[in-house]
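# Architecture at a glance
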Amino acid sequence: FKVNPDLSSPDLRIIEGKYLEDILDDPRALQATLESLDSSQPLEDLSHRLAEGKFHRVVLTGMGSSFHALHPLNLQLISHGFTALMAETSELVHYKSRFFDPKTLIIAVSQSGQSVEMIRLAEVNRTRSAVIAVTNTPHSPLVQHSTAALFTHAGNEFSVSCKTYITAVMALKFLGDILCQRDLKQSRLELKSAPASAGKYLSQWKDHVEVLAKKLDRIRHLFFVGRGASLAAVGSGALIIKESDHFHAEGISSAAFRHGPFEMLSDDTLVVVFSGDEKTRDLNRRLLADIKQGGGRAEFIGEESSVAPFRLENHGDGIRPILEILPVQMITIALAALANREAGKFERAAKITTTE
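Bear in mind the structure is a predicted one, so any value in this text is a computation, not a measurement.

## Re the overall build of the protein
Looking only at helices and strands, one finds 17 helices and nine strands in the protein. For 356 residues, the compact-globule estimate of 2.2 N^0.38 gives 21 Å, and the protein sits close to it at 20 Å. Taken along the three principal axes of its C-alpha coordinates, the protein extends 60 × 40 × 40 Å. Within the protein, residue pairs in contact and separated by at least 24 positions form 76% of the contacts whose partners lie at least 6 positions apart.

Spelled out as structure tokens, the structure:
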């Protein structure tokens, strides 16, 4: 990992490619998705069946960032009194196939709707369980197999999931409100601030990258930690760092970080702590303080952060999971600038995974 020697002014030309264009398109993608979000008769029917106890469990499934995006919905359903669980699609189809029965409602998330795992899900399920598809691709095999569908409108995406991830988190919040039978007009009002807030944050992207490049100088180990709904950004964040920059990062819960990785604290290790909601924010603050007291380097992502690239506007718990990935997207650009390489350019992987 070679560092650009001129840290005072990282060369941004190398990273101004199609991946960055996709990131900067986040606000438009969010707005287009917001304008399209609506319920449907199949979704309403499934919502009523869930409320009546016809489904004994809700299984939420996906792969990669699509899987991580499910954390907030999982918590929303559990808080509402439903039995919900998350399972990677690869594990679901090979090791948890007993969940495929009429008493299970499956929520399957895939930006392409045609990854090998989603095709396998259709083969294994054979319509035994009702399936709600959340995807960016309306005519995909996943949609053809689904009982109902909710679509994002991210548009085409070059490589690493950025706008498809952020729009999926928005769509899943809306889906949760449908299943929990909330007022959908109120749901749209709550989500309305997300596109503008993302646009305001990304309008300062060059400044954010300049600041982050200095903070990431000579960092060799990167951890993302958080609790609750923030685990979406924690897991997806570590994944896109590896994909975008060929730089190793790990995403784990704040509690799990104390069980071993805390021993890795050093000058070349940066721990990015997501503040999350009020329920566990004090625990995350304490972790941040303990890391610094232990000689480690740490930063706080949230409304109260003192560092501009890590500071988010406060729009409540429903919007926070949508916005939390933005600082990580900026980290991918900063790491690329330091390494003098184009971020998000695949050399070995493909946009759609077709091999198990």
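## A closer look at the packing of aromatic side chains
All chains considered together, the criterion is met by three aromatic pairs. Between F224 and F274, the ring centres sit 6.3 Å apart and the planes meet at 50°, which makes this aromatic pair tilted. Of the two residues, F224 sits in strand 6 (residues 221-226) while F274 sits in strand 8 (residues 269-274), which places them 50 residues apart along the sequence. For the pair F224 and F274, one class covers both residues: buried. Centre to centre, the rings of F257 and F262 are 6.1 Å apart; their planes meet at 70°, and the pair counts as edge-to-face. Of the residues examined, F257 reaches a relative accessible area of 0% and is grouped as buried. With a relative accessible area of 25%, F262 lands in the partly exposed category. In this structure an aromatic cluster arises from ring pairing among F223, F257 and F262.

## Some words on the pattern of salt bridges
What the rule picks out here adds up to 24 salt bridges. Here R258 and D290 are joined by a salt bridge, their closest N and O atoms 2.9 Å apart. Here R258 is found in helix 14 (residues 254-258), whereas its partner D290 is found in helix 15 (residues 278-293), with 32 residues between them in sequence. A relative accessible area of 23% means that D290 is categorised as partly exposed. Within this structure, E278, R281, D282, R285, E303, E304, D317 and R320 form a network of salt bridges that share partners.

## Examining unusual backbone geometry
Notably, H246 is not glycine yet its phi reads approximately 55°, a positive angle. As for its position among the elements, H246 is in the loop between helix 13 (231-245) and strand 7 (249-253). Given a relative accessible area of 41%, H246 falls into the partly exposed group.

## A closer look at the sheet that holds strand 6
Read across the sheet, four strands follow the order 7-6-8-9 without closing on themselves; strand pairing throughout is parallel. Two strands in the sheet have a free side with no partner beyond their single neighbour: strand 7 and strand 9 (297-301). On average, adjacent strands in this sheet sit at an angle of 20° to one another, irrespective of strand direction. Contacts from helix 13 reach strand 6, strand 7 and strand 8, with the element oriented near 170° to strand 7. Sitting on the sheet, helix 15 is in contact with strand 6, strand 8 and strand 9, with an inclination near 160° to strand 9.

## Some points on the packing of helix 11 (residues 193-202) against helix 17 (residues 325-339)
For any two helices packed against each other, one specifies the inter-axial angle together with the distance between the axes. Interaxial distance between helix 11 and helix 17 falls to 11 Å at its minimum, and their mutual angle equals 30°. As the angle between them shows, helix 11 and helix 17 are arranged roughly parallel. Helix-helix and strand crossings are classified by hand; for helix 11 and helix 17 the assignment is right-handed. On helix 17, the residues touching A198, Y201 and L202 of helix 11 are L326, P327 and M330. By residue class, the composition of the contact of helix 11 with helix 17 is six nonpolar, no polar and no charged.

## Considering the nonpolar core
Core analysis: the largest hydrophobic core is formed by 86 residues, its most contacted members being L77, I107, L175, L222 and F224. With 11 residues, the top contributor of residues to this core is helix 9 (residues 163-179). Counting residues in hydrophobic clusters, the runner-up holds 15 residues, among them F100, V131, A133 and L142.

## Some details on helix 12 (residues 205-216)
When the terminal C-alpha atoms of helix 12 are compared, their 16 Å separation across 12 residues agrees well with the 16 Å that a helix rising 1.5 Å per residue should span. Among the residues making up helix 12, those that are buried are W205, H208, V209, L212, A213 and L216. For helix 12, the angular spread of buried residues about the axis comes to 130°, placing them on one side. R218 occupies a position one or two residues after helix 12 and carries a positive phi of about 65°.

## What to know about the environment of V160
By secondary structure assignment, the location of V160 is in the loop between strand 5 (148-151) and helix 9. C-alpha separation for the pair V160 and A51, spaced 109 residues apart in sequence, amounts to 37 Å.

Rules used throughout
Residues numbered from 1 in each chain as written. Predicted model: local features only at pLDDT ≥ 70, side-chain atom pairs only at ≥ 80, totals over all residues. Heavy atoms only, no water. Helix = DSSP H or I, 4+ residues; strand = E, 2+ residues; numbered from the N terminus. Rg over C-alpha atoms; globule rule 2.2 N^0.38 Å. Contact = heavy atoms within 4.5 Å. Phe/Tyr/Trp six-rings, centres within 6.5 Å; stacked < 30°, edge-to-face > 60°. Buried < 20%, exposed > 50% of the residue type's maximum accessible area, 1.4 Å probe, protein only. Salt bridge = Lys/Arg side-chain N within 4 Å of Asp/Glu carboxyl O. Pairing = 2+ DSSP bridges. Axes fitted to C-alpha atoms, helices over the stretch in contact; angles between N-to-C directions. Parallel < 35°, antiparallel > 145°, perpendicular 65-115°, else oblique. Left-handed = near helix turned anticlockwise from the far one by under 90°. Nonpolar A, V, L, I, M, F, W, Y, C, P; charged D, E, K, R; others polar. Core = buried A, V, L, I, M, F, W, Y, C linked by side-chain atoms within 4.5 Å. Expected span 1.5 Å × (residues − 1). Arc of directions from axis to C-beta.

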